[in-house]
Amino acid sequence: MKIRESGMPDEKIWEDFFNPVKILEILGVNKNICDAVEFGCGFGTFTIPAAKMISGKIFAIDIEPEMLDITKKNAIGKKLDNVVTIQRDFITKESGLDTESVDYVMLFNILHGEEPEKLFEESRRILKTNGKIGIIHWNYDPKTARGPPLEIRIKPEQCIEIAKSLGFVHLDTYDLKPYHFGITLEK
Ligand SMILES: C[S@@+](CC[C@H](N)C(=O)[O-])C[C@H]1O[C@@H](n2cnc3c(N)ncnc32)[C@H](O)[C@@H]1O
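If you're wondering where the values come from, they're calculated on a predicted model, not measured in any experiment.

Right, let's get into the sheet that holds strand β6 (residues 169-176). Read from one edge of the open sheet, seven strands run β3-β2-β1-β4-β5-β7-β6, paired in mixed fashion. Each edge of the open sheet is held by one strand with a lone partner, namely β3 (83-87) and β6. Here the average twist between neighbouring strands, direction ignored, is 15 degrees. Inspection of the sheet shows strand β4 (residues 102-108) paired to strand β5 (residues 127-138) by six bridges, in the parallel sense. Opposite F108, over in β5, you have I136 as the bridge partner. The sheet strands contacting helix α6 (residues 156-165) are β5, β6 and β7 (180-186), and the helix crosses β7 at an angle near 15 degrees.

In structure tokens:
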């Protein structure tokens, strides 16, 4: 079940909304992280720079084969051999990754679905102890250049509430100007 309002504009337009390396650095993506996963990788806007910043593999999951093809092409273009693309519906079939197998989960622009809790629950299952979740999402602000309708935009406090109810520790919240907020959580 594709998450509502999760279609993508042209790749160039999407890239211009972010400084992916800076955002990943702020959210604690670095060489101390071995394996990571991005739920809904899209064009690989964040998967590709993250692949360069970690020490192990990054699993890039998306329901759309075209998105995975672009991510794969982008990885090959950058000579990266640690990007594992997986075509899968993670809402109806979870991630398919092993329990307690990854160090970092990226939930980037994906938490406006009907049941965001499911993604936190699956993240908790696949994360090792002390593993981290990094979140970014569009601010609750009608002036953002894009983003899902305000009625379905998740707010930082909702993310933190869900995460805490599942036993995650809230590490920090960030203002990722111009349009996003960020959150880090620890299992
Ligand atoms: C808004 S885009 C975000 C892409 C990327 N995370 C980023 O921030 O650049 C959401 C992505 O999630 C994918 N997606 C939506 N529903 C999904 C599902 N149920 N299972 C797997 N991927 C899904 C879409 O195809 C799309 O590529």
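With an omega of 10 degrees, the peptide bond running from K177 to P178 counts as cis. Within the secondary structure layout, P178 lies in the loop between β6 and β7. Phi is positive for E5, close to 55 degrees, though the residue is something other than glycine. Assignment of secondary structure puts E5 in the segment before α1 (11-15). Classification of E5 by relative accessible area gives exposed; the value is 51%. Its identity is not glycine, yet N130 carries a phi of approximately 70 degrees, on the positive side. By the secondary structure assignment, N130 is in strand β5.

Tallied over the full model, the rule gives nine salt bridges. As a salt-bridge pair, K128 and D103 come within 3.2 Å of each other at their nearest N and O atoms. Remark: D103 occurs in strand β4 and K128 occurs in strand β5; sequence separation between them is 25 residues. When its relative accessible area of 30% is taken as the criterion, K128 is described as partly exposed. Across the pair K143 and D141 runs a salt bridge, and its minimum N-O distance is 3.7 Å.

The full count for this structure, using the stated rule, is eleven aromatic pairs. Geometrically, the ring pair formed by F17 and W138 is edge-to-face, given 5.3 Å between the ring centres and 75 degrees between the ring planes. Of the two residues, F17 is situated in the loop between α1 and α2 (20-26) and W138 in strand β5; the sequence distance between them amounts to 121 residues. With respect to burial, F17 and W138 carry one shared label: buried. Put simply, the rings of W14, F17, F18, F46, F108, W138 and Y179 touch in pairs and so form one group of aromatic residues. The aromatic ring of Y140 is capped on one face by K155, whose charged end is 4.3 Å from the ring centroid.

Reading guide: rules and limits
- Residues numbered from 1 in each chain as written.
- Predicted model: local features only at pLDDT ≥ 70, side-chain atom pairs only at ≥ 80, totals over all residues.
- Heavy atoms only, no water.
- Pairing = 2+ DSSP bridges.
- Helix = DSSP H or I, 4+ residues; strand = E, 2+ residues; numbered from the N terminus.
- Axes fitted to C-alpha atoms, helices over the stretch in contact; angles between N-to-C directions.
- Contact = heavy atoms within 4.5 Å.
- Buried < 20%, exposed > 50% of the residue type's maximum accessible area, 1.4 Å probe, protein only.
- Salt bridge = Lys/Arg side-chain N within 4 Å of Asp/Glu carboxyl O.
- Phe/Tyr/Trp six-rings, centres within 6.5 Å; stacked < 30°, edge-to-face > 60°.
- Lys NZ or Arg CZ within 6 Å of the ring centre and 35° of its normal.

Everything listed here is a matter of coordinates, which is why it stays silent on function.
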